[in-house]
Amino acid sequence: MSYEKEMIEKLERGESVNDRLDIPLLRYLWDASPLSFITTRESYHDFFKKITVLSSFSDNEVRLFTKFLHLREFQMNEVIFKQGDSGYGFYFIFSGAVNVYANQTGVGFEPGEFVIKLEKRQYFGEMGLLEEFNRRSATSIAAENTILLGIFKPDLERMLEQYPVLGAKFLRETALIMANRMGQLTREIVTLKKRVHEMDQKA
Amino acid sequence: MTRNQKIKLYLFLFLLTAAAFFAILFPRLTLPFGFAYIMFLMTKPLTLRLTTGSRRQRLGYFFLVLLGAGFLFFPVIATMYSADFSSLTDQLPDAQRSLQEKFFAFKVMVFQRTGFRLNVDPVSFVMSKIETHGTDLLSSFPNYLSLLLEWVILVPIFLYFFFMESRQFSRRLLEAIPNPIFEKSYVLFSQFNTKFGEYIIAKFIEATLLGTIVTLGLVLIGFPYAFLLGFIAGVTNILPYIGPVLGIIPALVVAFLAKDPSVSMVGMLVVFALANLIDMILVFPLLVSKIVNLHPIVVIVSIIVGSQLAGVVGMIVVIPFVAFFKLLFKEIYKDLSVQL
């Protein structure tokens, strides 16, 4: 039985899942081996290898990385974090989906405007891991029953102490995500400035 | 938040408060538990990899630490300090006589210069006080012995629990934390553990270094009770600000009462000044300052409150607790200022 299936069935039965993602070594090695094509299910190895942040990791590095992840389950419509909350962690979607809302008005429990729906294997909240005093810039709500894998600041510090090479690699990948987002933002600003300039000239 | 999540959150907060009350109400359990936890945290950086091994490996390591602590500390301390202790108790009557002589000379000097006759006898008063306290201490000795026996049994049991089950325990604890407060609780819990562990190790190293420097210095200048005075200076140095002052008092008393002209008060003062200078210039900035950043007044008030709550142990462990609460309140305040 696949790990994801096991988790989902546990959730459906109303049982709680472990806080840490603890994959047995032999099970992981079997999943990572070329012989794993025999099984039709998607393995943890496949799951993590398809996540872009971890694409440059070796199989053993992915295995070590999973030791630092926390497994948190959220019911449908449960708030993961709100805009303005202090942020300390970075989440991968293991199963389910997450809706992201921004521009919260601050009145009642209205989450704000819908921005995007994130699906399995996508990630969010990386700023929380890197910034010293991070405030969440958007509200995230579980769109269905969802399992998230989170890595938090103390885990990153521990990783850098215990496996410095792995920690540096993960930081580099996270910095790359941030750089890509910055580039995207800069391009958007340039386009918007151009539009404002054109509108000014027309007026 | 759904109804179930709310119930989970309130239940968790209730359990946390109940645990805190239990800890305050039963210090006989809390203190050995805390002591075992401190020992575990002190050995944790060295055993980080070993404790993640198999159960048998961890069990082996637990006994190794226990045996090491027993073999290293007890005989070394006992043989080193028993000689100093016995000669100190032998010389107490001499000290009383010397004090009385010195006070008599002082009385004569006052009478000769002012014509005023001093009719008080503080030396006998202080000595009788010491005697009564001594008998009190002796009469309550069985209580102390039973407490010691309790610790001898409880501390290894708790230590065993920390070595074998700490990973599972922290996992269960993290599992129980409800989602809305998970991130913050986890980060604060980790920060507290790191701060507490680092503080205890730093203080232990600082005390050992200062005690060694004072002992060596006093041995070099031929000062009596060098081992005992060095040990006292090291232990008292654990307390910030007040510690160095408390540490020098016994040495001052010994120097004041000594008849032997080779016992130099100036030499002793130089040794203590040098040891504290090395501590202030080298050890403190390198080891302790980054861990605790509290105002001196806060530190002194905390030590007094700590001593009221849990005696000597309270005085030592109160500082990282206050540092943690400062962090906690800062976080809560930061959150509130955003929400308002």
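Our subject is the structure that appears above.
Description of the structure in this document. (Residues numbered from 1 in each chain as written. Chains lettered and ligands numbered in written order. Predicted model: local features only at pLDDT ≥ 70, side-chain atom pairs only at ≥ 80, totals over all residues.)

**Notes on the overall build of chain A**
Then, in step 1: Along its length, chain A carries seven helices and eight strands.
Then, in step 2: Scored against the burial criterion, the 203 residues of chain A give a buried share of 30%.
Then, in step 3: Of the contacts made within chain A by residues no fewer than 6 positions apart, 73% connect residues no fewer than 24 positions apart. (Helix = DSSP H or I, 4+ residues; strand = E, 2+ residues; numbered from the N terminus. Buried ≥ 20, exposed ≤ 12 C-beta atoms within 10 Å, placed from the backbone. Contact = placed C-beta atoms within 7 Å.)

**Quick notes on the pairing of strand 7 (residues 139–142) of chain A**
Residue and element names in this part refer to chain A.
Then, in step 1: One ladder, built from two bridges, connects strand 2 (residues 79–81) with strand 7; its direction is antiparallel. Looking at strand 7, one finds that V79 is bridged to I141.
Then, in step 2: Relative to strand 7, strand 4 (residues 98–102) runs antiparallel, the two sharing four bridges. Across the sheet, the residue bridging to V100 is S140, located in strand 7. (Pairing = 2+ DSSP bridges.)

**What about the packing of helix 7 (residues 179–220) of chain B against helix 8 (residues 226–236) of chain B?**
Residue and element names in this part refer to chain B.
Then, in step 1: Contact geometry for helix 7 and helix 8: axes closest at 7 Å, N-to-C directions at 155°. As judged from the angle between their axes, helix 7 and helix 8 are roughly antiparallel. As for the relative orientation of helix 7 and helix 8, their crossing is right-handed in sense. When helix 7 is examined against helix 8, the residues A207, T208, L210, G211, V214, T215, L218 and V219 are found in contact with a partner set consisting of A226, F227, L229, G230, F231, A233, G234 and V235. (Axes fitted to C-alpha atoms, helices over the stretch in contact; angles between N-to-C directions. Parallel < 35°, antiparallel > 145°, perpendicular 65-115°, else oblique. Left-handed = near helix turned anticlockwise from the far one by under 90°.)

**A closer look at helix 8 of chain B**
Then, in step 1: Most of helix 8 of chain B sits inside the fold, with ten of its eleven residues counted as buried.
Then, in step 2: Those residues of helix 8 of chain B that sit buried are A226(B), F227(B), L228(B), L229(B), G230(B), F231(B), I232(B), A233(B), G234(B) and T236(B).

**Focus: the environment of I319(B)**
Then, in step 1: Residue position: I319(B) is located in helix 11 (residues 296–339).
Then, in step 2: The class for I319(B) is buried, based on 26 C-beta atoms found within 10 Å.

**Side note on the nonpolar core**
Then, in step 1: Counting residues in each nonpolar core, the largest one holds 35 residues, and the members touching the most others are Y91(A), F92(A), V98(A), L148(A) and I151(A).
Then, in step 2: Other than its neighbours up to four places away in sequence, L148(A) contacts R72(A), F74(A), Y91(A), F92(A), I93(A) and F94(A).
Then, in step 3: L228(B), I232(B), A233(B) and A251(B) belong to the second-largest nonpolar core, a separate cluster that totals 21 residues. (Core = buried A, V, L, I, M, F, W, Y, C linked by C-beta atoms within 7 Å.)

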